[in-house]
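Spelled out from the first residue to the last, the chains are:
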Amino acid sequence: MAGKTFLKRIDWLSVFIYFALTAIGWLSIYSSTFTESNPSLFDFSTFYGKQFFFICVSVIAIVFVFATEANLFERFSGIIYTIGIVLLLGLFPFGKTIAGATSWYNLGFFNLQPSEIAKVATTLAMAKYLSDIQTDLRRQKDKLYAFGILVIPAILIVLQPDPGSGVVFFALTFVLFREGLPLYYMAIGLVVLLIFVATLKFGTIWVIIGVSILIALFYLTKRERVKISPLPIILFFVVSVSISFSVRFVFDSVFEQHHRDRFNLWLRLEKDPKKLEQIRKTIGYNTYQSEKAIESGGFTGKGFLQGTRTKGDFVPEQHSDYIFTTIGEEWGFVGTATVVLLFSILLLRLVYIAERQKNAFSRIYGYGVISILFVHYLINIGMVIGLVPTIGIPLPFMSYGGSGLLGFTLLLFIFLKLDANRLKEWD
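All of these numbers come straight from a predicted model, not from anything done at the bench. (Residues numbered from 1 in each chain as written. Predicted model: local features only at pLDDT ≥ 70, side-chain atom pairs only at ≥ 80, totals over all residues. Heavy atoms only, no water.)

Caption draft 1: A look at the side chain of S244. Along the polypeptide, S244 turns up in helix α12 (residues 230-254). Once residues within four sequence positions are removed from consideration, S244 is found in contact with I195, T199, T204 and V207. (Helix = DSSP H or I, 4+ residues; strand = E, 2+ residues; numbered from the N terminus. Contact = heavy atoms within 4.5 Å.)

Caption draft 2: Spotlight on the sheet that holds strand β3 (residues 111-112). The strand order across the open sheet formed by three strands is β1-β2-β3, and the pairing between neighbours is antiparallel. Strands at the two margins of the open sheet, each flanked by one partner only, are β1 (96-98) and β3. Bridge count between β1 and strand β2 (residues 101-106): three bridges; the pairing is antiparallel. If you follow K96 over to β2, its bridge partner there is W104. (Pairing = 2+ DSSP bridges.)

Caption draft 3: Structural detail: the packing of aromatic side chains. Per the counting criterion, the structure on display carries 17 aromatic pairs. Between F54 and Y400 the ring centres are 6.2 Å apart and the planes differ by 55°, which places this aromatic pair in the tilted class. Of this pair, F54 sits in helix α3 (residues 47-67) while Y400 sits in the loop between α18 (360-384) and α19 (402-420), placing them 346 residues apart in sequence. Accessibility expressed as a relative area gives 7% for F54, which makes it buried. Judged by centre distance (6.4 Å) and plane angle (55°), the rings of Y365 and F415 are tilted. Taken together, the residues Y365 in helix α18 and F415 in helix α19 connect sequence positions 50 residues apart. When sorted by exposure, Y365 lands in the same class as F415, which is buried. Counting every residue linked through ring pairs, the aromatic cluster contains Y18, F19, F66, F397, F408 and F413. (Phe/Tyr/Trp six-rings, centres within 6.5 Å; stacked < 30°, edge-to-face > 60°. Buried < 20%, exposed > 50% of the residue type's maximum accessible area, 1.4 Å probe, protein only.)

Caption draft 4: Focus on the pattern of salt bridges. Under the criterion given, the structure shown has 10 salt bridges. With its nearest N and O atoms 3.0 Å apart, the salt bridge here joins R178 to E355. Taken together, the positions of R178 in helix α9 (residues 173-178) and E355 in helix α17 (residues 323-355) put the pair 177 residues apart, joining distant regions of the chain. With a relative accessible area of 33%, R178 lands in the partly exposed category. Among the salt bridges present, the one from K302 reaches E329, with a minimum N-O distance of 2.9 Å. Of this pair, K302 sits in the loop between α15 (285-296) and α16 (308-311) while E329 sits in helix α17, placing them 27 residues apart in sequence. The class for K302 is partly exposed, based on a relative accessible area of 31%. Through salt bridges that share partners, R178, E179, E355 and R363 make up one connected network. (Salt bridge = Lys/Arg side-chain N within 4 Å of Asp/Glu carboxyl O.)

Caption draft 5: Examining a nonpolar patch on the surface more closely. A surface patch of nonpolar side chains, amounting to about 680 Å² of accessible area, comprises F202, I205, W206, I209, I213 and L217. Residue contributions to the nonpolar patch peak at five residues, all from helix α11 (residues 204-222). Residue placement: W206 occurs in helix α11. (Patch = residues over 30% accessible without salt bridge, like charges linked within 9 Å, V, L, I, M, F, W, Y side chains within 5 Å. Areas by Shrake-Rupley, 256 points an atom, 1.4 Å probe, with all protein chains shown as cover.)

Bear in mind that shape data such as this cannot, by itself, settle questions of function.
Structure follows, in structure tokens:
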């Protein structure tokens, strides 16, 4: 009887969308990697065969999560987080290096990427800390502790080096704002980012002029109604100018050449057309080919297994980070719009589920799940169509990779388990 009640409380719409995206991803991996000589869907020596195995493992993980007492995720969140950090630290002496990043453990049949598991662990730890009745984000100590929870794994991942995966952890800052962190922290972050990009694009002199105009406009519109102290305005100007002057040093001395090339391509910083075209053919090759593949699909696409650019291997890593291009070429605008719609419905549904939680831990964890999925979804598709620089992160549930699929599955279904348990009294 209890089992039937639990099944009724599961949010089956989210479950359906999960399996729909996973199925679309699997078929797209098959289409982008199969050969005429080996067309079997279940050949475990192929990418699509391995992905099917990972799907089966993820289904087992779902059963395990649903069979686990919901309050154990909160109770053992600290231990789970510690295990996640230990796994990340263990990569430095024991990790396997692939494409220049020591981000995997070699487990024989497949490679385990602990950064994907660390996303689950960090989200649980953040939810546990913020739901503690003694935590108050208005206190400086509590802010630093909360930021430390997400910064520690992010730094360890950046040092592998895997900056793309490290950046994703900062998606959890959205949770901090949802739970009471003052919005001026977000404003500071946006201003720093804007100054950085504007300095690269237009130069320090124009940034100084722009900041001066903003300060003048602010002062002229406010001075008649409110007495304004000049000290914060002077401080804002000095800090903004200092950041702008430091941008060139960071760009030239801290960033590596391939990072600089990606910004040169994204912001069109290179003035020499020949050099810009050379960058586009090397660093920007993936994006250029992915744009062409999606464009060639038109409105309805070329049909399953009929993508000429997909068959010709024009897009590198098409089965993983660039899986969206396969959908675009073979199913056209209809296919890509369907994927975008499914992700949008899932994210909105998760927001609705998070808001109906009676337990603070469940609500906060839910918003952590939403934040990570949203950032992955936004950056991956933006990267594929050339709106953001290439940083190499997968499309949730769809890109090839056992660690990624398992991590996203655990992330989502722990939340669905917590939601199904919301009407039950917690121990």
